[in-house]
Amino acid sequence: MQKTSKTRILVECALMIALAVVLDILPLPKWPNGGSLSVSMVPIIFLSYRHGAKWGLLTGFAYSIVQMITGFYAPPAGTILAFILCVLLDYVIAFTILGAADLVAKPFSNKLVGYTVGALAVNFVRFICSFLSGILIWQDYAPEGQPVWFYSLTYNGGYMIPNMIIAAVIIALLCLAIDPVTLRRPQKKTANA
């Protein structure tokens, strides 16, 4: 098997970030206080399967920086702690974690199941980040009388759960059609007689 050069991997990482940015600006429903339906996480997850968690996490981190540059929402509380939590939960951890999909997928003997579970798992962690952010930072947006945790769960769940499912389905279909490592159609296993 031919070893892929670091330059080629870096170019692929940059291309996947660019594709994620383009997918993120598609005119899909956006929530009023941040968040949207999006398939932008798919290129980062696919790259994780293609080059492993190290490159996936690096690409996810770079994408988190791009997300901050292109659409940062300042927290309502003007404290340094709120700002740090916002940066970490809404951007750095939430998008970097997408690159860890390969770590989740590796233990599965059935690659397609592993790829699907990996996509679900990293998006679930991203949802947890948004949920915690809603409770810790954005609690001022909760309607009067509504528990903050319920507001965060319904607001973030309204777009993150569909994103999780959509990403898992797209990843499953994509990996069914194209092996992430070889970029060729997966070989069908034949029974030896």
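Cut-offs used in this document
- Residues numbered from 1 in each chain as written.
- Predicted model: local features only at pLDDT ≥ 70, side-chain atom pairs only at ≥ 80, totals over all residues.
- Heavy atoms only, no water.
- Axes fitted to C-alpha atoms, helices over the stretch in contact; angles between N-to-C directions.
- Helix = DSSP H or I, 4+ residues; strand = E, 2+ residues; numbered from the N terminus.
- Parallel < 35°, antiparallel > 145°, perpendicular 65-115°, else oblique.
- Left-handed = near helix turned anticlockwise from the far one by under 90°.
- Contact = heavy atoms within 4.5 Å.
- Nonpolar A, V, L, I, M, F, W, Y, C, P; charged D, E, K, R; others polar.
- Bend = angle between axes of the 7 residues up to and from the residue.
- Buried < 20%, exposed > 50% of the residue type's maximum accessible area, 1.4 Å probe, protein only.
- Phe/Tyr/Trp six-rings, centres within 6.5 Å; stacked < 30°, edge-to-face > 60°.
- Lys, Arg positive; Asp, Glu negative; His and termini not counted.
- Salt bridge = Lys/Arg side-chain N within 4 Å of Asp/Glu carboxyl O.

Where do I start with the packing of helix α1 (residues 6–24) against helix α3 (residues 53–71) in this structure?
Packed helix pairs are specified by the crossing angle of their axes together with the interaxial distance, meaning the distance between the axes. It is the contact of α1 with α3, at a shortest axis distance of 10 Å, that shows an interaxial angle of 40°. Classed by the angle they form, the pair α1 and α3 counts as oblique. In this structure, the crossing between α1 and α3 has a hand that is right-handed. Contacts from Lys6, Ile9, Leu10, Cys13, Ile17, Ala20, Val21 and Asp24 of α1 reach α3 at Trp55, Thr59, Ala62, Tyr63, Val66 and Gln67. The residue inventory of the contact of α1 with α3, partitioned by class, reads 10 nonpolar, two polar and two charged.

I would appreciate a short explanation of helix α4 (residues 80–96) in the present structure.
Because the α-helix completes a turn every 3.6 residues, residues three or four places apart line up on one side. The principal kink in α4, of about 40°, is found at Leu88. What α4 keeps buried is the set Ala82, Cys86, Val87, Leu89, Asp90, Tyr91, Val92, Ala94, Phe95 and Thr96. For α4, the secondary structure elements touched by its buried residues are α3 and α6 (111–136).

Quick question: what am I supposed to make of the packing of aromatic side chains here?
For any two aromatic rings, the description comes down to two numbers: the centre-to-centre distance and the angle of the planes. This model, assessed by the stated rule, comprises 10 aromatic pairs. Each ring, one from Tyr63 and one from Phe95, has its centre 5.4 Å from the other, and the planes form 85°; the classification is edge-to-face. Residue Tyr63 is located in helix α3, and its partner Phe95 is located in helix α4; the two are separated by 32 residues in the primary sequence. Phe95 matches Tyr63 in its accessibility class, with the two residues each being buried. Every member of this aromatic cluster is reached through a ring pair, and the members are Phe72, Phe83 and Tyr91.

Got a minute to help me understand the side chain of Arg126 in this structure?
Mapped onto the secondary structure, Arg126 falls in helix α6. As a buried residue without a salt bridge, Arg126 has its nearest oppositely charged side chain in Asp24, at a separation of 6.5 Å. If we ignore the near neighbours within four places in the chain, the residues touching Arg126 are Met41, Ala94, Phe95, Ile97, Leu98 and Met160.

Can you help me understand the pattern of salt bridges in this one?
Opposite charge on two side chains permits them to pair, given that their charged atoms come into close proximity. Taken as a whole and assessed by the stated rule, the structure comprises three salt bridges. For Arg8, the salt bridge identified is with Glu12, shortest N-O distance 3.2 Å. Here Arg8 pairs with Glu12, and both are found in helix α1, just four residues apart, close to one helical turn. Residue Arg8 is classed as partly exposed on the basis of its relative accessible area of 44%. As a salt-bridge pair, Asp102 and Lys106 come within 3.3 Å of each other at their nearest N and O atoms. Look at Asp102 and you get buried, because its relative accessible area is 7%.

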